[in-house]
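# Fold and contact review
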Amino acid sequence: MTGTYLPHGWPDGLPDPDLDDLDAGDWWLECARRRLCMQRCSACGTVRFPPRPLCHRCLGPSWWWQEVGPGGEIFSVCEPHYPAHPSLRDRPPYLVVLVTPDGSGGERLVGNLVNGPGDPNDPADQVDLLGLIGRRVNCQWEPVADRYTLPQWRLA
Amino acid sequence: MATDHACIVGVGESTYYRRARSPVSAFRLAADAVRAALLDAGVGIEEVDGLVSYIRERTPVEVLAAGLGVRRLRFANSWSGGGGGIAAVALNAGMAVTTGAADVVVCYRAICQGQQPRLGQVRSDGTATGTDAFLAPFGLITPAQRMAPKAMRYLYDNGLDLDAAAPVALASYWHAQHNPRALMYGRPLDLDTYLASRWIVKPFRLYDCALESDAAAAFVVVRESWAAARGLRSVRIVGGVQGSDARQDVMGSPNAERYATAGFTELARELYEKTGIGPPDLDVLQVYETFGPMVLAAVEELGFCAPGTAAEAGARGDFRWPDGPLPLNTSGGNLAEAYVHGLELVVEAVRQLRGQSHCQVDGARRALVAGGPGAHLVSAMILEGGVA
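Residues numbered from 1 in each chain as written. Chains lettered and ligands numbered in written order. Predicted model: local features only at pLDDT ≥ 70, side-chain atom pairs only at ≥ 80, totals over all residues.

## Brief notes about the overall build of chain A
Each helix and strand counted, chain A has 2 helices and 8 strands in total. Once local pairs closer than 6 in sequence are excluded, the contacts in chain A between residues at least 24 apart make up 58%. (Helix = DSSP H or I, 4+ residues; strand = E, 2+ residues; numbered from the N terminus. Contact = placed C-beta atoms within 7 Å.)

The structure is reproduced here in structure tokens:
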């Protein structure tokens, strides 16, 4: 895929995610390899996201990357209209989804739905947002320049 | 010996302005609000030995203390969250005075979105860290955006449509028409205008979102014995609760254990057990209304409506003074009075219990104040008038 769902490097001046974060940096490396992962506790098996140094259930410090998805289900959705940044002023609304990837034990990721039912770039009242909840999606990788790669979602 | 409760003896506010209209600084507005509250209480600035505000207050407690010439600050505290703390600041001040850490604690908040970064705009400084790193790259940045999927899921779970929260905004505007202090005084809102208003982020329309303001409010907390010794009138802080459900680390935490809630399910139970007071004993509600659907969830979790029925209650007119049984945000609140990060709702609750509201609920004796429905940190408290 060429281009990104939100304006390239969007929004201009918005901070990049902290790729060097000692708890989360490796997650971005896995994304660069196009592996959609969540941490799985070595002690109790709980899957967790976002990356944390300890298991919130048993406080175990050991974990491994469990691959999740690439399929999943939309848990919730919203559609920002108001341009929260000047670079969005002439842009149509966009869709943000919470997705429960398969095999995640219910843990959710935030992403964008890059193809709506109908085009979200059309006059936005056309999208039945409540009707998207529960729909199946598949992960689609979206590199942002050469800095990092985002897991995005398409309707299955 | 009877418990020496904490109480509120004075309330006040600065002049309220629309965003970017204040001719004076946020510092000045904070000072104006504190002085107004002290004047209302009949307490001198020289007696103040504690200050409490929220995190990210631009005029933090030590700065305001120095500016107001406080001789000795014995209690300096910032609630860790934002507008979820409208009750928590009072509870923290109350803990300070009842333990003797301080005698006179002023809670205040000044928020000037014309002078400071707007909450609805991207701040582009540094790197997105922690949980933010997994929200911001997808355009989930502002409080409204982060709360929106939670509200959407609440609507979905309860079979409601995107306009279900209209009665919350309509009630606030209705009440504001009686309150000359309200920025929306003289600007009534009807359902057609609400429905024709633009989307900020679905499911929130313009009128579901707090009114950006330049404004400050304050109130004074002391022990009841201290108030009684000076003959001050007081409103009792009967009890309260604060905190968060599991895994709520930022606003809109996608992996909160209870996702589509206002955050009061457990807290409400604790509040009512602790105080021995229940929803039927409460005469007026002040529920932080940013953003509409989460107010519906809060009203349900706090026990005033069965799950999923607050929208219907609102549509019947239940939230409107003087005829509705659940008068809600009777000054106009965040949506139509001024957005003082919710502190104006505490001021209004106290006025109700003193018989001084512009939408006075007959015989109002007890008020419920709840902060930040849906935020990661929330709080609630019960205030009672005429007991000391």
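## Digging into the overall build of chain B
A count of helical and extended segments in chain B gives 12 helices and 12 strands. Against the compact-globule benchmark of 21 Å for 388 residues, chain B has a radius of gyration of 19 Å, which places it among compact chains. For chain B, the C-alpha atoms occupy an extent of roughly 55 × 50 × 40 Å along the three principal directions. Put simply, chain B has 388 residues, and 64% of those count as buried. In chain B, once contacts between residues fewer than 6 apart in sequence are set aside, the share between residues at least 24 apart is 78%. (Rg over C-alpha atoms; globule rule 2.2 N^0.38 Å. Buried ≥ 20, exposed ≤ 12 C-beta atoms within 10 Å, placed from the backbone.)

## What about the nonpolar core?
Residue and element names in this part refer to chain B. One finds Val-105, Val-220 and Val-369 to be the most contacted residues of the largest nonpolar core, which totals 183 residues. With 10 residues, the top contributor of residues to this core is helix 1 (residues 26-41). The contact partners of Val-105, leaving out residues within four places of it in the chain, are Gly-50, Leu-51, Val-52, Phe-75, Ala-93, Ala-96, Val-97 and Val-221. (Core = buried A, V, L, I, M, F, W, Y, C linked by C-beta atoms within 7 Å.)

## Thoughts on the packing of helix 4 (residues 143-157) of chain B against helix 9 (residues 292-301) of chain B
Residues and elements named next belong to chain B. At a minimum axis distance of 9 Å, the contact between helix 4 and helix 9 shows a crossing angle of 55°. As summarised for this structure, helix 4 and helix 9 are arranged oblique, according to the angle between their axes. By crossing handedness, the relation of helix 4 to helix 9 is classed as left-handed. Listed contacts from helix 9 to Met-147, Ala-151, Tyr-154 and Leu-155 of helix 4 are Pro-293, Met-294 and Ala-297. Residue classes in the contact of helix 4 with helix 9 are distributed as 7 nonpolar, no polar and no charged. (Axes fitted to C-alpha atoms, helices over the stretch in contact; angles between N-to-C directions. Parallel < 35°, antiparallel > 145°, perpendicular 65-115°, else oblique. Left-handed = near helix turned anticlockwise from the far one by under 90°. Nonpolar A, V, L, I, M, F, W, Y, C, P; charged D, E, K, R; others polar.)

## A word on helix 5 (residues 166-176) of chain B
Residue and element names in this part refer to chain B. By the criterion of burial, helix 5 is predominantly enclosed, with 11 of the 11 residues buried. Buried residues of helix 5: Ala-166, Pro-167, Val-168, Ala-169, Leu-170, Ala-171, Ser-172, Tyr-173, Trp-174, His-175 and Ala-176, and no others. Summarising the contacts, the buried residues of helix 5 are in contact with helix 6 (191-196), helix 9, helix 10 (310-315) and helix 11 (333-337).

## Here we look at unusual backbone geometry
In this structure, A:Pro70 follows A:Gly69 across a cis peptide bond, with omega equal to 5°. The omega angle of the peptide bond from B:Lys202 to B:Pro203 is 15°, so this bond is cis rather than trans. Relative to the assigned elements, B:Pro203 resides in the loop between strand 6 (199-202) and strand 7 (204-205). Its identity is not glycine, yet A:Leu59 carries a phi of approximately 65°, on the positive side. Position of A:Leu59 among the secondary structure elements: in the loop between strand 2 (47-48) and strand 3 (63-67). If you check the backbone angles, B:Arg247 has positive phi at about 65° while not being a glycine. By the secondary structure assignment, B:Arg247 is in the loop between strand 9 (235-243) and helix 8 (265-275). A residue is classified by how many C-beta atoms lie within 10 Å of it, and B:Arg247, with 16 of them, is partly exposed.

## Points about the sheet that holds strand 1 (residues 37-41) of chain A
Read from one edge of the open sheet, 3 strands run 2-1-3 (chain A), paired in antiparallel fashion. Sheet topology places strand 2 and strand 3 of chain A at the edges, where each strand pairs with a single neighbour. (Pairing = 2+ DSSP bridges.)

## Structural notes on the environment of B:Gly159
Residues and elements named next belong to chain B. Relative to the elements of secondary structure, Gly-159 occurs in the loop between helix 4 and helix 5. The exposure class assigned to Gly-159 is exposed, which follows from the 10 C-beta atoms found within 10 Å. With 125 residues separating them in the primary sequence, Gly-159 and Val-284 have C-alpha atoms 28 Å apart.

## So, the interface of chain A and chain B
Interface extent is often summarised as the accessible area lost during association of the parts. Contacts between chain A and chain B engage 35 residues on the former and 34 residues on the latter. At the level of elements, strand 4 (71-80), strand 5 (96-101), strand 6 (109-115) and helix 2 (129-132) of chain A are the ones that each hand at least two residues to the side of chain A that touches chain B. Per element, the largest residue contribution to the side of chain A that touches chain B is 6 residues, and it comes from strand 4 of chain A. For the side of chain A that touches chain B, the per-class residue count stands at 22 nonpolar, 7 polar and 6 charged.

## A closer look at helix 1 (residues 25-32) of chain A
Residues and elements named next belong to chain A. Among the residues of helix 1, Trp-27, Trp-28 and Cys-31 are the ones counted as buried. Down the axis of helix 1, the buried set is contained in an arc of 100°. They therefore lie on one face. Phi turns positive one or two residues past the end of helix 1, at Arg-34, with a value near 60°. (Arc of directions from axis to C-beta.)

## Section: the pairing of strand 7 (residues 136-144) of chain A
All names here are of chain A. Where strand 4 lies against strand 7, 3 bridges are found, and the strand directions are antiparallel. Across the sheet, the residue bridging to Gly-72 is Val-137, located in strand 7. Sheet analysis places strand 7 next to strand 8 (residues 148-155), joined by 8 bridges and oriented antiparallel. By the bridge assignment, Val-137 is partnered in strand 8 with Leu-155. If you look at the hairpin formed by strand 7 and strand 8, you'll find 3 residues sitting between the two strands, and Ala-145 has a positive phi there, around 45°.

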